[in-house]
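# An overview of the molecular structure
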Amino acid sequence: MKINLNEILKGKNRVALGGHVRPDGDCIGSCLGLYMYMKEQYPETETDVYLETVPEAYQMIRCTDEVKSEISGSEAYDLFICLDCGDAKRLGFSEPLFENAKETFCIDHHVSNGAFADYNYIVPDASSTSELVYRLVDRDKIDKSMAEALYMGLAHDTGVFQYSCTSPETMEIAADLMRKGIDGSEIIDRTYYEKTYVQNQILGRALLESMLILDKRCIVSVVRKKEMEFFQAVPADLEGIVSQLRQTKGVEVAMFLHEMAPQEFKVSLRSKGKVDVSKIASYFGGGGHVRAAGVRMHGSSHDVINNITGRIVLQLDHSGSEDEEGEMAGME
């Protein structure tokens, strides 16, 4: 079914937008980009946006001060638009609003998304949810502030246009957004590269304590609650650590464990291509993309690492067999 934003919004008096827990650059960029567009183009519609507290690095984007980070329980919406979420539970505190809305609409690019809303615009090959928002709206009506939000989303989910999800269309969209008068370099520097002293400290700790396993094909690091308390760090300070681990030469998969509570870990996975980490995350109840995925798991850190590495080995061994078969075929 072809998605038409005007048709979906037709007759809707109250609309809520929401993104996933611990919102990242793409989640915030897509939510705020669409929020600004709706405020400008659909002034007759009452629109609210729900996200957990927006990290300071992203507060250069307009309208972050209008984000609602809690619900009173009395809100009732004609439509809830879920952005950058693979399933409703990822909405966190705003999930009840999604469940109670008269209609729901999901915009997402996670391959693990099961199309859980009434209307779904899911394109796993897209670079980001921000790219999908750009495709849905009238691009001639995108103003500078909206362009800044969407550009941030594109930049973050493509690793500043380095990841394999960066298509020619992605670059064309980025160019069009830049023509709106935004300062792309400043957006990238302030929201992607710039780190606080605490973020650099916890990154340094994670790198120092990392381990190479599986014949140096996988790198693992664990940050525990006691270390978070020592550095006075919050979960948002951990963003980017797993991507930095992934850059290690010779490594195919990076695994980063963050202790949320005793015997409970948030696991972030990144791959260089041979391993589909979305399959691994989905096996344990999580989800994500082929090269970037995550899951929450219970048990000791050793149990979690052993369970995940077991699934990694299955794919590495399989890809190795395929490589050998390819070489033999080439010799025949």
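Figured I'd write up the structure that's included with this text. Keep in mind it's a predicted model, so treat the numbers as computed, not measured.

### Observations regarding the sheet that holds strand S2 (residues 46-50)
Sheet strands associate in pairs through backbone hydrogen bonding, adopting either a parallel or an antiparallel arrangement. Strand order in the open sheet formed by 5 strands is S2-S1-S3-S4-S5, and the pairing between neighbours is parallel. Each end of this open sheet is capped by a strand with a single partner; those strands are S2 and strand S5 (119-122). Within the sheet, the average angular offset between the axes of one strand and its neighbour, ignoring direction, is 15°. Alignment of strand S1 (residues 14-19) against strand S3 (residues 79-83), held across 5 bridges, turns out to be parallel. What sits directly across from Ala16, in S3, is Phe80. In this fold helix H2 (residues 25-41) packs onto S1, S2, S3 and strand S4 (103-108), with an angle of close to 165° to the strand it touches most, S1. Against the sheet, helix H4 (residues 129-136) makes contact with S3, S4 and S5, and its axis sits at roughly 115° relative to S4, the strand it touches most.

### Structural notes on the side chain of Thr47
Relative to the assigned elements, Thr47 resides in strand S2. By relative accessible area, which is 9% here, Thr47 ends up buried. Once you skip the residues sitting within four places of it in the chain, Thr47 turns out to touch Val15, Leu17, Tyr35 and Met38.

### Quick word on the packing of aromatic side chains
Tallying each qualifying case throughout the model produces 9 aromatic pairs. Where Phe98 meets Phe116, the ring centres are 5.5 Å apart and the plane angle is 55°; that geometry is what we call tilted. Residue Phe98 is located in helix H3 (residues 95-100), and its partner Phe116 is located in the loop between S4 and S5; the two are separated by 18 residues in the primary sequence. Summarising the aromatic geometry, the rings of Phe230 and Phe231 are spaced 5.1 Å apart at their centres and angled 85° between planes, so their arrangement reads as edge-to-face. Residue classification places Phe230 among the exposed residues on the basis of a relative accessible area of 65%.

### A few points about the pairing of strand S7 (residues 218-223)
The buried count for S7 comes to 6 of 6 residues, which makes it a mostly enclosed element. Of the two faces of S7, the one holding Cys218, Val220 and Val222 and the one holding Ile219, Ser221 and Val223 are both buried throughout. Bridge count for strand S6 (residues 211-213) against S7 is 3 bridges, and the pairing is antiparallel. Residue pairing for S7: Ile213 is matched across the bridge by Cys218. The antiparallel pairing of S6 with S7 creates a hairpin that spans 4 residues between the two strands, and Leu214 there sits at a positive phi of about 55°. Across 6 bridges, S7 lies against strand S8 (residues 253-261) in parallel orientation. Within S8, the residue paired with Ile219 across the bridge is Ala254.

Criteria and cut-off values
Residues numbered from 1 in each chain as written. Predicted model: local features only at pLDDT ≥ 70, side-chain atom pairs only at ≥ 80, totals over all residues. Heavy atoms only, no water. Pairing = 2+ DSSP bridges. Helix = DSSP H or I, 4+ residues; strand = E, 2+ residues; numbered from the N terminus. Axes fitted to C-alpha atoms, helices over the stretch in contact; angles between N-to-C directions. Contact = heavy atoms within 4.5 Å. Buried < 20%, exposed > 50% of the residue type's maximum accessible area, 1.4 Å probe, protein only. Phe/Tyr/Trp six-rings, centres within 6.5 Å; stacked < 30°, edge-to-face > 60°.

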